[in-house]
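Observations on chain architecture
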Amino acid sequence: SFGLVELASLIPQSAGEYVYLRMSYAHWVGFLFAWTVGFLIKPSGQAVIAITSAQNIPLTLYIAMPLVTILYVFANISYFTVMDSDELLESAAVAVGILAIFYVLAGDVITLMDFMGFATWLFIGFIQLSVIILRVKMKDAPRTYKVPIVFPGILFLFSMALVIVPLVTSPQIEFLYATLVILAGLLFYIPIVVLDHRPSCMSEYKRGLYN
């Protein structure tokens, strides 16, 4: 969206949305975004693709399960290229791969799409609100582009409506599960970032979060 263009011109750093949320709200909000993308949105999306492709073809499903897992693990390994093989075995890539298997085994496309939609629109709303917040917090910072403020405001309200309306009109246990998965990131944020207790393999990852 145009809001992201303004944020990119204001904060020309890698990691995109993670940095915008960290600077707009707090470091832990950015951490939860990265956690949610890696452990909920992406593996759920891969599982939906695998399940949809394998409908009515059980053999394909069994082939898709390990294939999706292998591809997803190797995608995450790219973030840990400085590690040796032993450290990689301890990294989050393995955990995410296992999670992708779990999502495929769930076999319920509607549930997975509910997971993805809830989490995605929640953070889209927060990111759009970041444009307004940073207009105040960094009002004198140079911007090569400024979106009319009404646009991120409308997108924020639209995103929140897509999150809140289903909760009110047709509450489902899936929304609670998605919320718990998102908040579970705090169980790792507190010891790893706040208390600075982490496996040695996380050193480079944490350093990347702060750059």
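Residues numbered from 1 in each chain as written. Predicted model: local features only at pLDDT ≥ 70, side-chain atom pairs only at ≥ 80, totals over all residues. Heavy atoms only, no water.

There is a patch of nonpolar side chains on the surface, built from I149, V150, F151 and I154 and spanning about 340 Å² of accessible area. Secondary-structure assignment places I154 in helix α8 (residues 150-169). Judged by relative accessible area, which is 47%, I154 ranks as partly exposed. (Patch = residues over 30% accessible without salt bridge, like charges linked within 9 Å, V, L, I, M, F, W, Y side chains within 5 Å. Areas by Shrake-Rupley, 256 points an atom, 1.4 Å probe, with all protein chains shown as cover. Salt bridge = Lys/Arg side-chain N within 4 Å of Asp/Glu carboxyl O. Helix = DSSP H or I, 4+ residues; strand = E, 2+ residues; numbered from the N terminus. Buried < 20%, exposed > 50% of the residue type's maximum accessible area, 1.4 Å probe, protein only.)

Take L157: it is sitting in helix α8. Linking L157 and Q128, residues 29 residues apart in sequence, is a C-alpha distance of 9.3 Å.

The next point concerns the packing of helix α9 (residues 173-183) against helix α10 (residues 185-194). The packing of two helices is summarised by the inter-axis angle and the distance between the axes. Their axes nearest at 4 Å, the elements α9 and α10 cross at an angle of 10°. Between α9 and α10, the interaxial angle falls into the category roughly parallel. Across from V181, I182 and L183 in α9, the residues of α10 making contact are G185, L186 and L187. In the contact of α9 with α10, the residues fall into 5 nonpolar, 1 polar and no charged. (Axes fitted to C-alpha atoms, helices over the stretch in contact; angles between N-to-C directions. Parallel < 35°, antiparallel > 145°, perpendicular 65-115°, else oblique. Contact = heavy atoms within 4.5 Å. Nonpolar A, V, L, I, M, F, W, Y, C, P; charged D, E, K, R; others polar.)

What follows deals with the layout of surface pockets. In this structure, the second largest pocket occupies an estimated 180 Å³ of space. Along its surface, the second largest pocket is lined by Y25, W28, V29, L32, F118, L122, F123, F126, T179, I182 and L183. Mapped onto the lining of the second largest pocket, the elements with two or more residues apiece are α3 (27-53), α7 (109-137) and α9. Looking at the lining of the second largest pocket element by element, the count peaks at 4 residues for α7. (1 Å grid on protein atoms, 1.4 Å probe; cavity = no way out; pocket = protein on both sides within 12 Å on 5 of 7 lines; lining within 4 Å. Points joined across faces, edges and corners; volume = space filled by probe spheres on them.)

Quick look at helix α1 (residues 2-10) now. The complete set of buried residues in α1 reads G3, E6, L7, S9 and L10. What you see down the axis of α1 is that its buried residues fit within an arc of 165°, all on one side. Buried residues along α1 sit against α2 (17-24) and α7. (Arc of directions from axis to C-beta.)

This part takes up the UniProt feature "transmembrane region" (unreviewed entry) in the chain. Taking the UniProt record as the reference, the feature "transmembrane region" (unreviewed entry) is found at residues 19-41, 61-81, 88-106, 118-136, 148-169 and 175-195. Here residues 19-41 runs as 91% helix and 0% strand, with 18 Å between its end C-alpha atoms. Taken end to end, residues 175-195 is 90% helix and 0% strand, and its two terminal C-alpha atoms sit 30 Å from one another. (UniProt positions renumbered as here; feature names shortened; annotations may be inferred.)

Here we take up the packing of aromatic side chains. In the structure shown here, the tally under the stated rule is 8 aromatic pairs. Ring geometry for F123 against F126: centres 6.0 Å apart, planes inclined by 85°, an arrangement best described as edge-to-face. Here the residue F123 and the residue F126 both occupy positions in helix α7, the gap between them amounting to 3 residues, near one helical turn. Under the relative-accessibility criterion, F123 is labelled buried at 5%. (Phe/Tyr/Trp six-rings, centres within 6.5 Å; stacked < 30°, edge-to-face > 60°.)

Moving on: the environment of T144. Within the secondary structure, T144 is located in the loop between α7 and α8. Owing to a relative accessible area of 74%, T144 belongs among the exposed residues under this scheme. Taking the C-alpha atoms as reference points, T144 and V5, 139 residues apart in sequence, are found 9.2 Å from one another.

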